[in-house]
Amino acid sequence: MDLLALADFNLVARHGGFGKAARASGRPKATLSRRVAELEAALDLRLFERGLRDLKLTEEGRALHERTASLLTELDETAAAIASGGEKPRGRLRISAPLLLSQTAMGKIAAGFALKYPDVRLEITTEDRAVDMIEEGYDLVIRVNPDPDESLIGKAFLHDRLVVVAHPDLHRPAADVPLPGVVRETSVQQTWNVMTPQGSIKIRIEPVLSLSSLIMVRDAVRAGVGAARLPISLVTHDLAAGTLMHWGDVERSEISLWALYPSRRLLSARVSAFLDFLKQVFPNGTPDELAAYIGE
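Everything numeric here is computed off the predicted structure, so don't read it as measured data. Counting restarts for each chain, with residues numbered from 1 along the sequence as it is written. Since the coordinates come from a predicted model, pLDDT governs what is reported: local features require at least 70, and pairs of side-chain atoms require 80 or more to be given and counted, while whole-chain, interface and lining totals use all residues. Side-chain measures here rest on the full set of heavy atoms in the structure, leaving out hydrogens and waters.

A. Representation of the packing of aromatic side chains within the structure. Each aromatic pair joins two rings of Phe, Tyr and Trp (for Trp, the six-membered one) with centres within 6.5 Å, and gets the label stacked for planes under 30 degrees apart, edge-to-face for over 60, and tilted for any other angle. According to the stated counting rule, one finds 7 aromatic pairs in the structure shown. With a centroid separation of 5.5 Å and an interplanar angle of 55°, the aromatic rings of F9 and F48 are classed as tilted. You can see F9 sitting in helix α1 (residues 3-15) and its partner F48 sitting in strand β1 (residues 48-50), a full 39 residues away along the chain. Given a relative accessible area of 0%, F9 falls into the buried group. Starting at the N terminus, helices and strands are each numbered in turn, a helix being any DSSP run of H or I of at least four residues and a strand any DSSP run of E of at least two. We call a residue buried when its accessible area falls under 20% of the maximum for its residue type, exposed when it is over 50%, and partly exposed in between, using a 1.4 Å probe and counting protein chains only.

Written as structure tokens, this is what we have:
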């Protein structure tokens, strides 16, 4: 495939027309039109629907643009870095992060990274769903306990675990009496398997509140409305202060936060720098480190 023709195609796709692309790049409109036509002929595909007044990507054109635009950008940046004698991170870095980490730590992480790498334009969005990195144009995603995915590679940079906590005034009832609980998922009744110093126990829960954010769940538990399962990093300071009581660890509730990127994409200087920055912030990746970072 002709990389120059592919670059011209992405230029036209990005600007939404030959005229706009020509004005933005200072290149002849006829040259751009010819090179896109040559690319269509080589691929035996129509990449644009050409109307009298507008130009729209076909489905095949949109797919080609989404899959090649970032690769061409990375090639340009790599060539520029080599020419300048160093891999200085620069350009746009799009990251998707889960809600709780975004609410508690990502603002501070983003600010620290921006101060260290002022030439990187960092964009972070909050998504608890498993985003499609290629289709949605993300360079890096942070996921909680992700399922295996052959198209992604990365590493776990933080670990946590769930614990059952409650207000000091809330006493655990007898085994056959349900305990009021604050949950994220809607349910009539639940049973939590909890490890205590005396061994494993089962706690029956009658949900009294169903909330979509763990921050809200923690605040509700602080108010004494019920017990909840929460990450230990989120309640470490409450446990130390005695505003919440630790009833035990939830069995098999280990949490790992992974930083992932596409396996078929070159690891850009931006992504590499962000991964290194996460390692600097959380050198051991423990719940205590995250709790200390949140509480600073």
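Structure shown, so let's carry the discussion forward.
B. Here's a closer look at helix α7 (residues 214-222). Three or more residues of α7 are buried, namely L214, I215, V217, R218, A220 and V221. Here a residue-residue contact requires only that any non-hydrogen atoms of the pair lie within 4.5 Å. Taken together, the buried residues of α7 touch α5 (99-116), β6 (152-166), β7 (179-183), β9 (199-210), β10 (228-231) and α8 (232-241). A distance of 3.1 Å separates the backbone nitrogen of I215 from a side-chain oxygen at the start of α7, and that oxygen is part of S213. Phi turns positive one or two residues past the end of α7, at G224, with a value near 90°. Think of a polar contact as two N or O atoms within 3.5 Å of one another; within protein, one of them needs to be a possible hydrogen donor and the other a possible acceptor, and neighboring residues in sequence only count if both atoms come from side chains.

C. Quick peek at unusual backbone geometry. Of note in the backbone geometry, D44 takes a positive phi value of approximately 60° without being a glycine. Mapped onto the elements, D44 comes out in the loop between α3 (29-43) and β1. Even without being a glycine, N145 presents a positive backbone phi close to 45°. Relative to the elements of secondary structure, N145 occurs in the loop between β5 (140-144) and β6. Judged by relative accessible area, N145 falls into the partly exposed class, the value being 40%.

D. View of the packing of α5 against helix α10 (residues 287-295). Orientation is described by axes fitted as lines to C-alpha atoms, over the contacting stretch for helices, and by angles from 0 to 180 degrees between their N-to-C directions. Interhelical geometry of α5 versus α10 gives an angle of 70° and a closest axis separation of 10 Å. What the angle tells us is that α5 and α10 run roughly perpendicular. In this structure, α5 contributes L101, T104, A105, K108 and I109 to the contact, and α10 contributes L290, Y293 and I294. Residues are grouped as follows: Ala, Val, Leu, Ile, Met, Phe, Trp, Tyr, Cys and Pro are nonpolar; Asp, Glu, Lys and Arg are charged; all remaining types, including Gly, are polar. Split by residue class, the contact of α5 with α10 holds 6 nonpolar, 1 polar and 1 charged. Roughly parallel here means an angle under 35 degrees, roughly antiparallel means over 145, roughly perpendicular means 65 to 115, and every remaining angle is called oblique.

E. Broad picture of the environment of N284. Note on placement: N284 falls in the loop between α9 (269-281) and α10. Overall, the relative accessible area of 60% leaves N284 in the exposed class.

F. Here's a closer look at the pattern of salt bridges. Salt bridges are identified by distance alone: a Lys or Arg side-chain nitrogen within 4 Å of an Asp or Glu carboxyl oxygen. Considering all chains together, one arrives at 16 salt bridges under this definition. The residue R184 makes a salt bridge to D128 at a minimum N-O spacing of 3.8 Å. Here D128 lies in the loop between β4 (120-126) and α6 (133-136) and R184 lies in the loop between β7 and β8 (190-196), a separation of 56 residues in the sequence. A relative accessible area of 39% places R184 in the partly exposed class. A salt bridge links D139 to R270, with the nearest nitrogen and oxygen atoms 3.9 Å apart. Taken as a pair, D139 in the loop between α6 and β5 and R270 in helix α9 lie far apart in primary sequence, 131 residues in all. Neither D139 nor R270 differs from the other in exposure class; each is buried. Three or more residues joined by partner-sharing salt bridges are found here, namely R92, R94, R121 and E123.

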